[in-house]
Amino acid sequence: MNNIALGRYLPLDSCIHRLDPRAKIIALILMMVAIFLPAGWIGYALLGCAVLCLTVLAKLKMNFLWRSMKPMMFMLVFLLIINLFMLQNGTILFEIGSFPIYSDAVFQTLYITVRLMLMIILTTVLTATTKPLDLTLGIEHLLSPFKVIHLPAHEIAMMISIALRFIPTLIEETQRIMKAQASRGVDMEEGKLKEKIMSILSLIVPLFVSAFQHADDLANAMEARGYVPDRTRTRYKQLHMHIGDYVIFAICFLILGGLLVFLWI
Amino acid sequence: MPITFQKLTHEYNAGTPFSYLALDHIDLNLQEGKITAIIGETGSGKSTLVQHLNALLLPTEGSLKILDREISASEKPKHLKSLRKHVGLVFQFPEYQLFEETIAKDIAFGPKNFGASEEEALQRAKDVITLVGLDESYLERSPFELSGGQKRRVAIAGILAMDPDILVLDEPAAGLDPQGAKEMMELFVRLHTEFHKTIFIVTHDMEHVLRYCDEVVVMDHGHVKTTCSVSSFFQDPSILKEMGIHPPAVVSLRESLREVGFEIDASILTMEQLAQAVAKEVGHHE
Ligand SMILES: Nc1ncnc2c1ncn2[C@@H]1O[C@H](COP(=O)(O)OP(=O)(O)O)[C@@H](O)[C@H]1O
Ligand SMILES: [Mg+2]
């Protein structure tokens with residue numbers, strides 16, 4: 001469980017790491033839109049190249065990206081099976097037994113796979129190159145214009161950063177409780193259904209107890225230091241956009257624009 | 001039969017950028033039938049070491065012989081559950097592992113997992129709850145309404161109920177008041193003398209090591225620095241000084257007296273003996 005890659009920050013030094021979090025978030029959104037355009041294979045090849053360049057620039061290893069995608073594999077297999085049954089158009093590629101496999105089903109799944117992979121890689125690049133706190137700071141800045149419609153931008157950012165802060169803690173706690181219960185003879189893999197349910201309970205209950213405990217402690221600690229959400233606060237960390245950030249915008253707009261023009265024609 | 005570590009290495013997150021060598025080729029012999037203290041700075045690998053004793057962590061290199069089992073990095077071990085029945089491990093802050101509605105059920109959870117029937121397991125719960133210093137009226141209460149120290153007793157009872165031959169405790173007295181810590185240590189001594197359990201205790205308290213333990217293992221940055229009997233460990237305080245460990249009161253008093261010229265035997269380890277030796281010295285000079 002310790003080698004979860006999805007959402008993990010990698011403390012490397014690259015030009016992508018140094019970009020402004022706001023720029024990275026907006027760039028991610030633009031690229032997501034681009035991914036969802038029905039751009040055809042040429043479009044995806046283009047996007048794929050762009051994403052590849054990005055990961056190289058961010059100094060991320062293929063291995064790391066692969067591990068962040070692994071959790072999705074199950075979903076993709078599931079999707080393929082559903083598609084095989086539901087989509088019975090196009091030409092028959094081949095038959096397994098007497099069950100025909102249609103080209104549409106395969107292509108549709110491939111399409112979704114490529115989209116999902118690109119999305120996961122992009123998100124991984126964002127989270128791997130941006131410290132969680134910078135990320136939430138960026139989100140808060142980007143949401144602040146919506147304060148006029150009473151969107152609690154600061155509270156949302158605070159909630160996200162607390163959630164992010166506690167993910168490793170909860171993972172650690174889960175491991176510890178699993179080990180403690182394994183010492184008491186819990187076997188997560190073997191056993192009858194009733195035993196399995198008990199073993200899950202023996203994990204979940206202490207986990208919830210400690211999560212509530214953490215929440216309570218944190219709330220008290222914040223209150224004791226006079227935290228009031230809707231007060232204006234100054235910041236130690238100030239965000240500044242640099243040339244690199246504008247370059248990223250430009251590239252993203254070019255890609256998105258290019259694809260749109262391509263589709264138009 | 002001794003417990004033998006052979007070139008045992010444990011690397012956390014091996015093969016990732018987050019890898020960390022917590023135990024580095026440990027060679028160690030631990031005797032059964034003793035109370036052994038495992039000491040060392042925070043982060044020196046004590047918890048990692050003891051978690052190998054019931055195979056919660058597996059060596060990434062080397063091997064470990066315990067009871068009649070051999071656990072080695074080269075082959076994937078099977079039937080770890082049978083080992084865990086015989087080696088009970090109490091984690092640091094074990095109060096976090098409680099989850100049942102009643103204390104009786106929580107204590108009975110371990111024995112039931114190892115194949116005891118419902119009645120047997122509840123009988124075991126009754127037996128051990130008094131052992132850890134709570135009375136039977138607690139059995140039907142919820143574990144979540146106890147104080148921290150009481151919760152810890154219940155958690156330890158949960159391991160004792162499995163009746164392991166070897167009991168491993170990771171900082172069992174951490175965060176307890178001095179009286180609670182003393183009672184805790186006395187419980188372990190009793191388990192050792194009355195029930196002949198082999199006991200390993202990770203601790204930071206040198207007074208406890210001196211008073212209650214037989215053997216000591218000193219960990220330092222993933223290595224075993226020394227392993228010897230408690231009496232010889234406190235005879236030569238130079239190791240203590242070198243490692244920045246604060247010696248027990250008797251030992252530091254003895255050493256200060258020796259420094260100012262008292263001729264006192266370095267093997268003295270109790271206040272009574274020390275007082276007698278001082279009286280004798282003073283008598284000589286009068
Ligand atoms: N689950 C883990 N993942 C990565 N590193 C760990 C893990 N557990 C412990 N470590 C590291 O291993 C070293 C030894 O830890 P530990 O055995 O808990 O020491 P001790 O119990 O002596 O304080 C520490 O530096 C710690 O940071
Ligand atoms: Mg420890």
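See the structure printed just above.
Everything in this summary refers to the structure shown in the same document.

## Brief notes about the side chain of Asp170 of chain B
- You can see Asp170 of chain B is positioned in strand β7 (residues 166-170).
- Buried and unpaired, Asp170 of chain B has no salt bridge, with Lys46 of chain B as the nearest side chain of opposite charge at 6.8 Å.

## Quick look at the site of ligand 1
- Neighbouring residues of ligand 1: 13 residues in total, closest Gly43, Gly45, Lys46, Ser47 and Thr48 of chain B.
- Those chains with residues close to ligand 1 are chains A and B.
- Contact distances for ligand 1 include 3.5 Å between a nitrogen atom and a side-chain N or O atom of Tyr12 of chain B.
- One of the side-chain nitrogen or oxygen atoms of Tyr20 of chain B is found 3.3 Å away from an oxygen atom of ligand 1.
- In isolation ligand 1 offers 560 Å² of accessible surface; the protein chains occlude 69% of this area.
- Considering every element that reaches the shell around ligand 1, the biggest residue donor is helix α1 (residues 46-51) of chain B, with three residues.
- In terms of residue class, the shell around ligand 1 is made up of three nonpolar, eight polar and two charged.

## Topic: the packing of aromatic side chains
- Within this structure, the stated rule accounts for eight aromatic pairs over all chains.
- With 6.3 Å between their ring centres and 15° between their planes, Phe74 of chain A and Phe78 of chain A make a pair best called stacked. Here the residue Phe74 of chain A and the residue Phe78 of chain A both occupy positions in helix α4 (residues 62-86), the gap between them amounting to four residues, near one helical turn.
- A relative accessible area of 66% places Phe74 of chain A in the exposed class.
- Consider the rings of Phe233 of chain B and Phe234 of chain B, whose centres lie 5.1 Å apart with planes at 70°: the pair is edge-to-face.
- Take Phe234 of chain B: its relative accessible area is 0%, and that puts it in the buried class.
- Through successive ring pairs, a cluster of aromatic residues spans Trp41, Tyr44 and Tyr111 of chain A.
- Over the ring of Phe166 of chain A we find Arg165 of chain A, and its NZ or CZ is 4.7 Å from the ring centre.

## So, the interface of chain B and chain A
- With 25 residues of chain B in contact, the opposing surface of chain A contributes 22 residues.
- Here chain B packs against chain A, burying approximately 2,100 Å² in sum over the two surfaces, 63% of which is carbon and sulfur.
- Among the residues of chain B in contact with chain A, Phe18, Tyr96 and Phe99 of chain B are the three that bury the most area, contributing 27% of the side total.
- Asp106 of chain B serves as the salt-bridge partner of Arg184 of chain A, at 3.0 Å between the closest nitrogen and oxygen.
- The tally of links between chain B and chain A comes to six residue pairs in polar contact (both at pLDDT 80 or more).
- Contributions of two or more residues to the side of chain B that touches chain A are made by α2 (80-86), α3 (103-113) and α5 (148-160) of chain B.
- The leading source of residues in the side of chain B that touches chain A is α3 of chain B, at four residues.

## Here we look at the pairing of strand β9 (residues 215-220) of chain B
All names here are of chain B.
- β9 sits mainly inside the fold: five of its six residues count as buried.
- Relative to β9, strand β3 (residues 35-40) runs parallel, the two being bridged by five bridges. For Gly40, the partnering residue across the bridge sits in β9 and is Met219.
- In this sheet, strand β10 (residues 223-229) lies alongside β9 in antiparallel orientation, the contact comprising six bridges. Note on β10: the bridge partner recorded for Glu215 is Ser229.

Calculation notes
- Residues numbered from 1 in each chain as written.
- Chains lettered and ligands numbered in written order.
- Predicted model: local features only at pLDDT ≥ 70, side-chain atom pairs only at ≥ 80, totals over all residues.
- Heavy atoms only, no water.
- Helix = DSSP H or I, 4+ residues; strand = E, 2+ residues; numbered from the N terminus.
- Buried < 20%, exposed > 50% of the residue type's maximum accessible area, 1.4 Å probe, protein only.
- Lys, Arg positive; Asp, Glu negative; His and termini not counted.
- Salt bridge = Lys/Arg side-chain N within 4 Å of Asp/Glu carboxyl O.
- Near = heavy atom within 4 Å.
- Polar contact = N/O pair within 3.5 Å; in protein donor to acceptor, adjacent residues only side chain to side chain.
- Areas by Shrake-Rupley, 256 points an atom, 1.4 Å probe, with all protein chains shown as cover.
- Nonpolar A, V, L, I, M, F, W, Y, C, P; charged D, E, K, R; others polar.
- Phe/Tyr/Trp six-rings, centres within 6.5 Å; stacked < 30°, edge-to-face > 60°.
- Lys NZ or Arg CZ within 6 Å of the ring centre and 35° of its normal.
- Contact = heavy atoms within 4.5 Å.
- Buried area = accessible area lost by both parts, 1.4 Å probe.
- Pairing = 2+ DSSP bridges.

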